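Commentary on secondary and tertiary structure
Next come the chains, spelled out residue by residue.
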Amino acid sequence: MASIISRPNGTKYIQVTVNKRRSSIWLGEISQRDAGRFRDKIEDLVKSHSLGLSIPQELAAWVAKIPDELAKRLAELKLIEPRVQAPVFTVTEFLVDYISRRGGDVKDGTRTFYGHTVRKLNEFFGSDRRLDDITAGDADDFRRFLQKTEKLSAATVVRRCTLARTSFQRRDSTQIDRFEPI
């Protein structure tokens, strides 16, 4: 059903037939053993697809771990459902959306505090910085920015970093774990 094809330069790909159509899945330079394991997974996907069955839980767990590029290729072959990509927000878009959703359940003083924090985050990161580009190191730099350049009290720095951390935890990533006080 699926075959491993080895190229002279050491790279490999899987050749598979889905719905009477032959396709290739590029693997690159991997061992014959790993290529065999991969081929077995692809064969299981093809069997499930051709019989109209849902894929077994173990296979679904494997599919969840594969890189996006490979998942896209398998989705093109109709072996798996396409992955839904989360929208990419800029820092400004994300924070404005988050705070607008929180608008009704906070007092005026809190809303003002949110505004100050958003302004400083925009000043530090820029309004066009993509949210998925912010790293833990950037969070540390933001905290130091507040401590040194703003001459804020330690409590205010802690509150602003806590708000930033809480806001950023609303997205599906753990990159921003470091908006924590020292």
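In this report, the structure presented in the accompanying data block is examined. Remember, predicted model here, so these are calculated numbers, not experimental data.

Considerations on helix α1 (residues 32-51)
Over its 20 residues, α1 extends 28 Å from the first C-alpha to the last, a length consistent with the 28 Å expected when each residue adds 1.5 Å. Taken residue by residue, α1 has A35, G36, F38, I42, E43, L45, V46 and S48 as its buried positions. Tucked inside the fold, the buried residues of α1 contact β1 (2-6), β2 (12-18), β3 (21-28), α2 (57-65) and α3 (68-76). In the segment just after α1, G52 is the residue with positive phi, at about 70°.

What about the packing of helix α5 (residues 108-125) against helix α6 (residues 136-149)?
Where α5 contacts α6, the axes come no closer than 11 Å and their chain directions differ by 115°. Here α5 is positioned roughly perpendicular relative to α6, judged by the angle of their axes. Here α5 and α6 pass one another in a crossing that is right-handed. Residues K120, L121, E123, F124 and F125 of α5 form the contact with α6, whose own contacting residues are D138, D141, F142, F145 and L146. Its residues placed into classes, the contact of α5 with α6 shows six nonpolar, no polar and four charged.

So, the sheet that holds β1
Taken in spatial order, the three strands line up as β1-β2-β3 in an open sheet, and their pairing is antiparallel. Among the strands making up the open sheet, the edge pair consists of β1 and β3. This sheet shows a mean twist of 25° between the axes of neighbouring strands, independent of strand direction. Examined bridge by bridge, β1 and β2 share five bridges and lie antiparallel to one another.

Parameters and conventions
Residues numbered from 1 in each chain as written. Predicted model: local features only at pLDDT ≥ 70, side-chain atom pairs only at ≥ 80, totals over all residues. Heavy atoms only, no water. Helix = DSSP H or I, 4+ residues; strand = E, 2+ residues; numbered from the N terminus. Expected span 1.5 Å × (residues − 1). Buried < 20%, exposed > 50% of the residue type's maximum accessible area, 1.4 Å probe, protein only. Contact = heavy atoms within 4.5 Å. Axes fitted to C-alpha atoms, helices over the stretch in contact; angles between N-to-C directions. Parallel < 35°, antiparallel > 145°, perpendicular 65-115°, else oblique. Left-handed = near helix turned anticlockwise from the far one by under 90°. Nonpolar A, V, L, I, M, F, W, Y, C, P; charged D, E, K, R; others polar. Pairing = 2+ DSSP bridges.

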